[in-house]
Amino acid sequence: MASAKMNTSYSELTGIVATEIGWTPPVRYLLRRARILDLIKRETKGSLLEVGCGAGALLCDFTRLGFSAQGLETSTAAREMGSALAELSSSTHQIHGESSSEWNNTFDILCAFDVLEHIEDDRSALGTWLEWLAPHGRLIISVPAHRSRWGDGDVWAGHWRRYDRQDITNLITSQGLRITHIECYGFPLANTTEWLGNRIYRDLIRRRAHRDKAQSTATSGTDRHVYGKAARYISSFPASTCLRMAMAVQYAARKTDWGSGYLIAAARR
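Nothing here was measured: the structure is a model prediction, and the numbers come from that model.

(A) Local environment of the packing of helix 2 (residues 27-40) against helix 3 (residues 57-64). Contact geometry of helix 2 with helix 3 gives a least axis separation of 11 Å together with a crossing angle of 25°. Between helix 2 and helix 3, the interaxial angle falls into the category roughly parallel. Crossing angle aside, the handedness with which helix 2 passes helix 3 is right-handed. Here Tyr29, Arg33, Ile36, Leu37 and Ile40 of helix 2 lie close against helix 3, whose contacting residues are Ala57, Leu58, Asp61, Phe62 and Arg64. Among the residues forming the contact of helix 2 with helix 3, the class breakdown is 7 nonpolar, no polar and 3 charged.

Now the structure itself:
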C-alpha cells in the first residue's frame, strides 16, 4: 500500500495518508490541521458535527480523540472517498448527505473548516448551523484570510470571498456569539504554497472553464491530483522535518495577521 511507504514522521503529521484512494493532504491542510487539533484537544469530549467535511480526514482525528463525531457533506464523490478513508483508518464516524430536523440543539461542538467562503449567503448559513448547536455548545471554524490575497486558487475552489479579520469577527458576533479564540495560521509556508499554487490553478481554470462555483466547491475537497504528484517529495524525511519546523513557526506567529487563514472558536453569550 502507498501509505506503508510513507515515513513515520510524515504519517504522524498527517494522521492519515491515503494516496491509494486518491486523497493526499496539501500542505495548507496539514498546517491548519495542526492548529485545529491543538485547539480542539482542550474541549470537553462530546458530540461533534463537522459541516462540509469533504473526505472526512479530520473526522478520523476527532473520533480518535474521543469525540462522537459526524459529518455533513453534500458532494457524493467526497462521501464515497470518506467511506474508504474511514474504513482505512478504522474510524466509526458517519458522513451524512443532508441535514436532519433532529439535529436542532444537539451538538456540543460544530465545526466548519474553510466552508463559509463557498457559500454566497454566509450569514444565513451560519445561522442555520447555530440552530444545530446545543445551548452550551461551541463553534469552531476556519476561513481563508485577507481580501487582498484573492487569487486563482480561490476561483478554482469556488470561493465567494476571503475574509479580513474584522469581516469574520463581525459575522460571528452578529449571531450572538462571543469569540473565545482567534488566530491567523499558516505563516510563512502556507503563504508561499498559496502563492505558488495560484500559478498552477490559473492553468487548471483555463482547462475547466465550464465549471460553476457549485461544481468547483463539490470537487475542492477531493481533487488532489496536483498534491498527489508531490506526495513522495513531501513525505521524505527532510521535508517532514521542515514541515515540523513550519508548524513551530506558525504557532509562534499565530497572534499576528501574517498567515493565510483564520481559526476561530466562539460560544454563545
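(B) Local environment of helix 5 (residues 122-132). Among all positions of helix 5, only Asp122, Ala125, Leu126, Trp129, Leu130 and Trp132 are buried. Buried residues of helix 5, viewed axially, fall in a sector of 145°; they line one side.

(C) Focus on the pairing of strand 1 (residues 47-51). The element strand 1 is extensively covered by neighbouring structure, given that 5 of its 5 residues are classed as buried. Side chains Ser47, Leu49 and Val51 of strand 1 all project onto a buried face; the interleaved residues Leu48 and Glu50 project onto the opposite face, where all are buried too. Relative to strand 2 (residues 68-72), strand 1 runs parallel, the two sharing 5 bridges. What sits directly across from Glu50, in strand 2, is Gly71. Traced from strand 1 through helix 3 to strand 2, the parallel crossover comes out right-handed. Of the strand pairs in this sheet, strand 1 and strand 4 (residues 107-113) are connected by 3 bridges, and their pairing is parallel.

(D) Inspection of helix 3 at higher detail. Burial runs high along helix 3: 7 of the 8 residues are buried. Along helix 3, the residues that are buried comprise Ala57, Leu58, Leu59, Cys60, Asp61, Phe62 and Thr63. Gly66 sits one or two positions beyond helix 3 and adopts a positive phi of about 105°.

(E) The arrangement of the packing of aromatic side chains in detail. The final tally for this structure, using the stated rule, is 4 aromatic pairs. For the pair Trp103 and Trp132, a centre-to-centre distance of 5.2 Å together with 85° between the ring planes defines the contact as edge-to-face. With Trp103 in the loop between strand 3 (94-96) and strand 4 and Trp132 in helix 5, this pair connects stretches of sequence that are 29 residues apart. Grouping aromatic residues by their ring pairs yields a cluster made of Trp103, Phe107 and Trp132. Geometry around Tyr251 places Arg254 over its ring, the cationic atom sitting 3.8 Å from the centre.

Rules and cut-offs
Residues numbered from 1 in each chain as written. Predicted model: local features only at pLDDT ≥ 70, side-chain atom pairs only at ≥ 80, totals over all residues. Heavy atoms only, no water. Axes fitted to C-alpha atoms, helices over the stretch in contact; angles between N-to-C directions. Helix = DSSP H or I, 4+ residues; strand = E, 2+ residues; numbered from the N terminus. Parallel < 35°, antiparallel > 145°, perpendicular 65-115°, else oblique. Left-handed = near helix turned anticlockwise from the far one by under 90°. Contact = heavy atoms within 4.5 Å. Nonpolar A, V, L, I, M, F, W, Y, C, P; charged D, E, K, R; others polar. Buried < 20%, exposed > 50% of the residue type's maximum accessible area, 1.4 Å probe, protein only. Arc of directions from axis to C-beta. Pairing = 2+ DSSP bridges. Right-handed = clockwise from strand over helix to strand, strands pointing away. Phe/Tyr/Trp six-rings, centres within 6.5 Å; stacked < 30°, edge-to-face > 60°. Lys NZ or Arg CZ within 6 Å of the ring centre and 35° of its normal.

The quantities given are spatial measurements derived from coordinates; they are silent on function.
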